[in-house]
Amino acid sequence: MAEALAPAKVNLFLHVGAPAPDGYHPVCSLMAFADFGDVVSARPGQGGLIVRGPFGQGLGPEQDNLIFRAVRAFVAELGREMGELTFTLEKNLPVASGLGGGSSDAGAALRLLRDVYTPGFDDARLERVAASLGADGAACLWARPVLAEGRGERLSPAPGLPVVDAVLVNPRVPVSTPAVYRALDASGAFGDVVPPPMPETFESAEELAAWLTTQRNDLEAPAVAVAPQVGAVLDTLRDEPEALLARVSGSGGTCFALCADDIAAETLAERIEAIAPNWWVQRCRLGGPWS
């Protein structure tokens, strides 16, 4: 059996422009990945998907799962049929949470497919398949820090980032990405998607957090409007002394706090768990690649 981590994706900043005539919004986002996420495994079998884990019940119909969409897209790119594989998904990330869980699951499945069937399948073709699966698909394939532009498919290397201790917090409320974009469109509060000037390297968590305060997530206010519980998480994190920076990731559901070190992250996580025992709280390290 082959196994791969599907790490949580965190948008350190996310700038979103006005929609193009086709309705898609251009973006500019600095993404990092956590050393925690779903786990995807594959073994020869009769096909199908076995879902386990604390958030397995929140998924939609099996045939719509991004793992199967990834398999179909891979077969189409390969141009021939493959032997049947049975996939198992350990769903550790909340669903519709702004952490790119489905895209990261698909990326892990694509890496496994290549490893099992076609080790010579080159990176560019694999990236093309991943990009066809959605805006986060290409970035989530390799799970390394990256600057994403366009619809998310144009990738360039991120500045040098330290490995940063962080805390992820989700109020266990799914947040609809289309609803958040509708709220953004209604507000008209679109951002500039030209990449901001960035240093070549950030030397510490404190330096990174200080610079990120000059950036933003343009979907943060719409996400809070759609799901006020997300605003409660954000307010709570921003009141805590260990949080160097607190922000919504992606289109919401999950907020993240950057911390100076692992002790600060542990302290913050324990306090949030005590304040709101019904929230999902996860310590992690951001950086990567972890794939």
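Nothing here was measured: the structure is a model prediction, and the numbers come from that model.

Participant: What is the right way to look at the overall build of the protein chain in this model?
Facilitator: Tallying secondary structure elements over the protein chain gives nine helices and 10 strands in all. The C-alpha atoms of the protein chain give 18 Å as radius of gyration, which agrees with the globular expectation for 291 residues (19 Å, within 12%). For the protein chain, the C-alpha atoms occupy an extent of roughly 55 × 45 × 35 Å along the three principal directions. Within the protein chain, buried positions represent 54% of all 291 residues. Residue pairs in contact within the protein chain that sit at least 24 positions apart in sequence constitute 76% of those at least 6 positions apart. Accessible surface, the protein chain as shown: approximately 12,300 Å² in total, 51% of it carbon and sulfur.

Participant: When you look at the side chain of His-25 in this model, what are you seeing that I'm missing?
Facilitator: Take His-25: it is sitting in the loop between β1 (2-16) and β2 (27-44). A distance of 2.6 Å separates polar atoms of two side chains, one belonging to His-25 and the other to Asp-185. Dropping the residues within four chain positions of it, His-25 is found in contact with Val-16, Gly-17, Ala-18, Pro-19, Gly-150, Tyr-181, Leu-184, Asp-185 and Phe-190.

Participant: For this particular structure, what's the right way to read the state of the cysteines?
Facilitator: Covalent bonding between the sulfur atoms of two cysteines defines a disulfide. Summed over all chains, the structure comprises zero disulfides. Not engaged in a disulfide, the cysteine Cys-28 finds its nearest cysteine sulfur in Cys-140; these two sulfurs lie 16 Å apart. Judged by relative accessible area, which is 0%, Cys-28 ranks as buried. Looking at the unpaired Cys-140, the closest cysteine sulfur is the one in Cys-284, lying at 14 Å.

Participant: Is there a simple way to think about the pattern of salt bridges in this case?
Facilitator: Side chains that differ in sign of charge can pair as their charged atoms come close. For the structure on display, the rule yields 13 salt bridges. Residue Asp-38 is joined to Lys-91 by a salt bridge in which the shortest nitrogen-to-oxygen separation is 2.7 Å. With a gap of 53 residues between them, Asp-38 in strand β2 and Lys-91 in the loop between β4 (85-90) and α2 (101-117) connect regions that are remote in the sequence. Judged by its relative accessible area of 0%, Asp-38 falls in the buried class. The exposure class assigned to Lys-91 is buried, which follows from its relative accessible area of 3%. Where Arg-154 meets Glu-149, a salt bridge forms, and the shortest distance between an N and an O atom there is 3.5 Å. Owing to a relative accessible area of 15%, Glu-149 belongs among the buried residues under this scheme.

Participant: Sorry, what's going on with the pairing of strand β5 (residues 146-150) here?
Facilitator: Side chains on a regular strand alternate between the two faces of the sheet. In terms of burial, β5 is largely enclosed, as five of its five residues are buried. Across five bridges, the pairing between β2 and β5 is antiparallel. Within the sheet, the bridge partner assigned to Val-27 lies in β5 and is Gly-150. Here four bridges tie β5 to strand β6 (residues 154-157), and the two strands are oriented antiparallel to one another. If you follow Glu-149 over to β6, its bridge partner there is Arg-154. Linking β5 back to β6 in an antiparallel pair, the connection comprises three residues, with Gly-152 at a positive phi of about 115°.

Participant: I would appreciate a short explanation of helix α9 (residues 262-275) in the present structure.
Facilitator: In an α-helix, one turn spans 3.6 residues; hence positions three or four apart end up facing the same way. Here α9 is 14 residues long and its end C-alpha atoms lie 20 Å apart, about the 20 Å a rise of 1.5 Å per residue gives. Turning to α9, its buried residues are Ala-264, Ala-265, Leu-268, Ala-269 and Ile-272. For α9, the angular spread of the buried residues around the axis is 130°, confining them to a single face. Residues of α9 that are exposed and point over 90 degrees away from its buried face: Ile-263 and Ala-274.

Participant: Looking at this model, I keep getting lost on the environment of Pro-94. Mind explaining?
Facilitator: Along the chain, the position of Pro-94 falls in the loop between β4 and α2. By relative accessible area, Pro-94 is classed as buried at 6%. C-alpha of Pro-94 to C-alpha of Ala-108: the two residues are 14 residues apart in sequence and 17 Å apart in space. Discounting chain neighbours no more than four positions away, the residues touching Pro-94 are Phe-55, Leu-99, Asn-170 and Trp-280.

Definitions and cut-offs
- Residues numbered from 1 in each chain as written.
- Predicted model: local features only at pLDDT ≥ 70, side-chain atom pairs only at ≥ 80, totals over all residues.
- Heavy atoms only, no water.
- Helix = DSSP H or I, 4+ residues; strand = E, 2+ residues; numbered from the N terminus.
- Rg over C-alpha atoms; globule rule 2.2 N^0.38 Å.
- Buried < 20%, exposed > 50% of the residue type's maximum accessible area, 1.4 Å probe, protein only.
- Contact = heavy atoms within 4.5 Å.
- Areas by Shrake-Rupley, 256 points an atom, 1.4 Å probe, with all protein chains shown as cover.
- Polar contact = N/O pair within 3.5 Å; in protein donor to acceptor, adjacent residues only side chain to side chain.
- Disulfide = S-S within 2.5 Å.
- Salt bridge = Lys/Arg side-chain N within 4 Å of Asp/Glu carboxyl O.
- Pairing = 2+ DSSP bridges.
- Expected span 1.5 Å × (residues − 1).
- Arc of directions from axis to C-beta.

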